[in-house]
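# Reading the structure
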Amino acid sequence: MRSIRALPAICKTMAAAAPLLEIENLKTHFFTRDGVVRAVDGVSFSVAPGETLAVVGESGCGKSVTSLSVLRLIASPPGRILDGRVRFLGQDLLQLSERKMRAIRGNEISMIFQEPMTSLNPVLSIGRQISETFTLHRGMRQEAARARAVEMLRLVGIPEAQQRMHQYPHELSGGMRQRVMFAMALACDPKLLIADEPTTALDVTVQAQILDLMRQLKARTGTAIILITHSLGLVAEMAQRVVVMYGGRKVEEAPVAALFARPRHPYTRALLRSVPRLRSSLAGDGQQRLAEIPGVVPSLREAPTGCIFAPRCAHAVERCRQSYPPLALKAADHSVACWEADRLPERTP
Amino acid sequence: MTGSRPPVLEVRDLKKHFPVRRGMLARQVGTVYAVDGISFALWPGETLGLVGESGCGKSTAGKMMLKLIEPTAGEIYLDGERIDGLGRRAMRRRRNRLQVVFQDPYSSLNPRLRAKAIVAEPLRNFVPGAAVDERVAELFQQVGLRPDQMARFPHEFSGGQRQRLVIARALALRPSVIVCDEPVSALDVSVQAQVINLLGELQQNFGVAYVFIAHDLAVVEHISHRVAVMYLGRIVELAPKRALFANPQHPYTEALLSAVPVPEPGAVSQRIVLDGDVPSPVNPPAGCHFHTRCPYAMARCRSEPPALRELSPGHFAACHLR
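To keep things clear, this report deals only with the structure shown in the data block. Here the structure is a predicted model, which means the values were calculated and not measured.

## So, the overall build of chain B
In terms of helices and strands, chain B carries 10 helices and 12 strands. In terms of C-alpha radius of gyration, chain B reaches 21 Å, essentially the compact-globule figure of 20 Å for 322 residues. Oriented by its inertia axes, the alpha-carbon framework of chain B measures out at about 65 × 55 × 50 Å. Going through the 322 residues of chain B one by one, you find that 48% of them count as buried. Taking as baseline every contact in chain B between residues at least 6 positions apart, the subset at least 24 positions apart corresponds to 64%.

Dropping the structure here:
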């Protein structure tokens, strides 16, 4: 089986359409005994219908909290969404009643997590778990719901779907479990699928199967996807647009080709250079050092003065330590939050 | 690299089979063939990468080399001396030459000891009364930790710094081999590079050899001199890294390499997507373990296990097609 590549031409026309989801100045903080953690600190971005947007960053950058905030799945206390709007098809999700919100979760917006074992109920058969989606959101009778569940299992490429209905999560392999998660998530034809590190827990050959599946399903259903990941390889392969997050903020946003060809934030640049690439040893001679980003991922406990990346940035100047740079548009659809963006040296690839 | 010096570590036909027991009488109902006959040599100052997917036996192999578990069969040689039959006490005297770095630095460090005591512990065990303080200070500097961090406890360090601490401890006795089992997988991308560079630097300065066990092919390629690919308890391919990455000979290696997403949008990839999952090591398929997922499998592959053969100098593969 050979994989099919997504066509970038379709995406261009889609980006022009009205956004499906619009996040505006989202602030989600956690009020802990040790202080306030500013997990998401004023993040804005939007997703067009049918588009795949990647949100990339390291652990603690706020990418998962952002997506959990969209679905209002933040445990409160300690978490609280302090500010912002999350407009989905014209309505602000943050203003909806819990009842209305429940009608959206798993129906119009669904989510897939990293570890399928912890997202599935271990004491219910997978058939029951998938058909539940239909009885809840579509008001179907048991029989009809189970028939649809079998269909969904077939759609996500699970062999012997009928027999699998009676199996429990522990009887399936990691890859199969993640397929079940996709079956559940896509059961109600969601307009938006949030996939939070969907392949991180999987082996690389199984990851390839799941990515293939995601592409096929997307081509079939036209669901928009927010792909949350730390893997730049996944971003390059799956996304049309990319949001780079660091320390609870968006530091760069660009179409995928532009981001990889000309990253404009020092953090994005450093990140791209610090990852070893496959077959890179074939070109150079002997072992080369990887570009390091000195220091550690910042704690989000203290309110930052200035750019949050400044302490690790090779290009930081006094101004960076004084005030936080606003996002500025540098090219078509390419914005970056860096005072020095225009003065960075030309990148050597 | 091979030269005339003997290998620092060598394993011959190493096997580890775990019994599967069930029921009240704990009757053996099956066997997990975790490692099923692997052989390789590690030369001084060399890094041998050991890659494969979960359950391929790479970590079990690492634990056997360290003598943390006893092999079912096979031989292990450390600096030319056979160590697989040695008892705990006899082994303890040789532990200074064979050290380890695990994936999760936090669970490898005693939370009640200060950083200084952690690094000093192996020194106190092996070189009593020696200039411990001096050596600890030296190690701190070599792994890029500050002297003022010596009095801290493990929880006060970040993940990357903890791994530096683990590396300092492993390095303390100037071992000839360090087995690194997924040493950077738990670290953030931006910190990974720091630790990878540190390992490379230490090897250049002190000539330590690494067995580098990892699932990330790009990381393994970056750090290794030679790479062994494992599948269901066996080595399917072993070659100098450039030969392996430029010209993989085993269909599994080929599929594995093609499955890695490349951080280059629009990169043309001829991806080979394997069907199904890795079969269970409890009842591995007969013949070549890979035949159930191999796009080129033929009748012979289903019955006869292929031997690891040298196809070109230093490049071994176990496949009937080659």
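## A short note on the overall build of chain A
For chain A, the helix and strand inventory stands at 13 helices and 12 strands. The C-alpha atoms of chain A give 21 Å as radius of gyration, which agrees with the globular expectation for 349 residues (20 Å, within 12%). Viewed in the frame of its principal axes, chain A has a C-alpha envelope of about 65 × 50 × 40 Å. Counting across all 349 residues of chain A, residues that qualify as buried make up 46%. Within chain A, counting contacts between residues at least 6 apart in sequence, those at least 24 apart form 65% of the total.

## Comments concerning the interface of chain A and chain B
The interface of chain A with chain B comprises 44 residues on the first partner and 38 residues on the second. Among the secondary structure elements, those contributing two or more residues to the side of chain A that touches chain B are α9 (204-221), α10 (232-238), α11 (256-261) and α12 (266-274) of chain A. Ranked by residues supplied to the side of chain A that touches chain B, first place goes to α9(A) with 7 residues. Within the side of chain A that touches chain B, the residues separate by chemical class into 22 nonpolar, 13 polar and 9 charged.

## Focus on the pairing of strand β10 (residues 234-240) of chain B
Residues and elements named next belong to chain B. Burial of β10 is extensive: 6 of the 7 residues sit out of reach of the surface. When strand β9 (residues 226-231) meets β10, the two strands line up antiparallel, connected through 6 bridges. Its bridge partner being in β10, R226 is matched across the sheet by P240. Two strands pair when backbone bridges link them, and β10 and strand β12 (residues 315-317) are joined in this way by 2 bridges, in the antiparallel orientation. Looking at the pairing, E237 lines up with A317 of β12.

## Focus: the packing of helix α5 (residues 126-138) of chain A against helix α8 (residues 174-186) of chain A
All names here are of chain A. Running from amino to carboxyl end, α5 crosses α8 at an angle of 20 degrees, the nearest separation of the two axes being 8 Å. On the basis of their axis angle, the class for α5 and α8 is roughly parallel. Between α5 and α8, the contacting residues are I126, Q129, I130 and T133 on the first element and V180, A183 and M184 on the second. Each residue belonging to the contact of α5 with α8 can be placed in one class, and the counts come to 5 nonpolar, 2 polar and no charged.

## Concerning the environment of R21(B)
Residues and elements named next belong to chain B. Its place among the elements puts R21 in strand β1 (residues 9-22). Expressed as a C-alpha distance, the spacing of R21 and E182, which sit 161 residues apart in the sequence, is 29 Å. If near-sequence neighbours (up to four positions away) are discounted, R21 is found in contact with A26, R27, Q28 and V29.

## Considerations on the packing of α5(A) against helix α6 (residues 142-155) of chain A
Residue and element names in this part refer to chain A. Interhelical geometry of α5 versus α6 gives an angle of 115 degrees and a closest axis separation of 8 Å. In this structure, the crossing between α5 and α6 has a hand that is right-handed. When α5 is examined against α6, the residues G127, I130, S131, F134 and T135 are found in contact with a partner set consisting of Q142, A145, R146, R148, A149 and M152. The residue makeup of the contact of α5 with α6, split by class, is 5 nonpolar, 4 polar and 2 charged.

## Describing α9(A)
When the terminal C-alpha atoms of α9(A) are compared, their 25 Å separation across 18 residues agrees well with the 26 Å that a helix rising 1.5 Å per residue should span. Considering only its buried residues, α9(A) is in contact with α8 and α10 of chain A together with α9 (251-259) of chain B. Positive phi appears at G222(A), one or two residues downstream of α9(A), with a value of about 70 degrees.

## Description of the sheet that holds strand β4 (residues 73-78) of chain B
Residue and element names in this part refer to chain B. The sheet built from 4 strands is open, its strands ordered β2-β1-β4-β5 with antiparallel pairing. Edge positions in the sheet fall to β2 (27-42) and β5 (81-82), since each of these pairs with one other strand and no more. The pairing of β1 with β2 spans 12 bridges and is antiparallel. Bridge assignment links K15 to a residue of β2, and that residue is D36.

## Section: the sheet that holds strand β6 (residues 109-112) of chain A
Residue and element names in this part refer to chain A. Taken together, the 8 strands give an open sheet; going across it, the order is β6-β7-β8-β3-β9-β10-β12-β11, and neighbouring strands pair in mixed fashion. Sheet topology places β6 and β11 (328-331) at the edges, where each strand pairs with a single neighbour. Adjacent strand axes in the sheet meet at a mean angle of 20 degrees, parallel and antiparallel pairs treated alike. In terms of strand pairing, β6 meets strand β7 (residues 192-196) through 4 bridges, oriented parallel. Within the sheet, the bridge partner assigned to I112 lies in β7 and is A195.

## A few points about the pairing of strand β8 (residues 224-229) of chain A
Looking along a regular strand, one sees side chains alternate from face to face of the sheet. Residue and element names in this part refer to chain A. Across the 6 residues that make up β8, a large majority, 6, are buried. Of the two faces of β8, the one carrying A224, I226 and I228 and the one carrying I225, L227 and T229 are both buried. Across 5 bridges, strand β3 (residues 52-56) lies against β8 in parallel orientation. Note that in β8 the partner of V56 across the bridge is T229. Across 5 bridges, the pairing between β7 and β8 is parallel. Across the sheet, A195 pairs through a bridge with L227, a residue of β8. In this view, the connection linking β7 to its parallel neighbour β8 by way of α9 has right-handed handedness.

## Overview of α8(A)
All names here are of chain A. For α8, spanning 13 residues, the distance from its first C-alpha to its last is 18 Å, which sits close to the expected 18 Å at 1.5 Å a residue. Within α8, 12 of the 13 residues are buried, which leaves the element mostly enclosed by the surrounding structure. Residues of α8 that are buried: G175, M176, R177, Q178, R179, V180, M181, F182, A183, M184, A185 and L186. Contact partners of the buried residues in α8: β6, α4 (116-119), α5, α6, β7 and α9.

## Section: unusual backbone geometry
Residue and element names in this part refer to chain A. In this chain, S76 is followed by P77 through a cis amide linkage whose omega measures -10 degrees. By the element assignment, P77 lies in the loop between α2 (63-70) and β4 (79-88). Although it is not a glycine, E197 adopts a positive phi angle of roughly 50 degrees. With respect to the helices, strands and loops of the structure, E197 is situated in the loop between β7 and α9. The residue R279 is not glycine, and still its phi comes out positive at about 65 degrees.

## A word on the nonpolar core
Counting 194 residues, the largest nonpolar core has A183(A), V235(A), V242(A), A168(B), V211(B), F212(B) and V229(B) as the members making the most contacts within it. With 8 residues, α8(A) is the single largest residue contributor to this core. Every residue in contact with V235(A), bar those within four places of it in the chain, is listed here: A54(A), V56(A), T229(A), V242(A) and V256(A).

The rules behind each value
- Residues numbered from 1 in each chain as written.
- Chains lettered and ligands numbered in written order.
- Predicted model: local features only at pLDDT ≥ 70, side-chain atom pairs only at ≥ 80, totals over all residues.
- Helix = DSSP H or I, 4+ residues; strand = E, 2+ residues; numbered from the N terminus.
- Rg over C-alpha atoms; globule rule 2.2 N^0.38 Å.
- Buried ≥ 20, exposed ≤ 12 C-beta atoms within 10 Å, placed from the backbone.
- Contact = placed C-beta atoms within 7 Å.
- Nonpolar A, V, L, I, M, F, W, Y, C, P; charged D, E, K, R; others polar.
- Pairing = 2+ DSSP bridges.
- Axes fitted to C-alpha atoms, helices over the stretch in contact; angles between N-to-C directions.
- Parallel < 35°, antiparallel > 145°, perpendicular 65-115°, else oblique.
- Left-handed = near helix turned anticlockwise from the far one by under 90°.
- Expected span 1.5 Å × (residues − 1).
- Right-handed = clockwise from strand over helix to strand, strands pointing away.
- Core = buried A, V, L, I, M, F, W, Y, C linked by C-beta atoms within 7 Å.

None of the figures reported here should be taken as evidence of function without further support.
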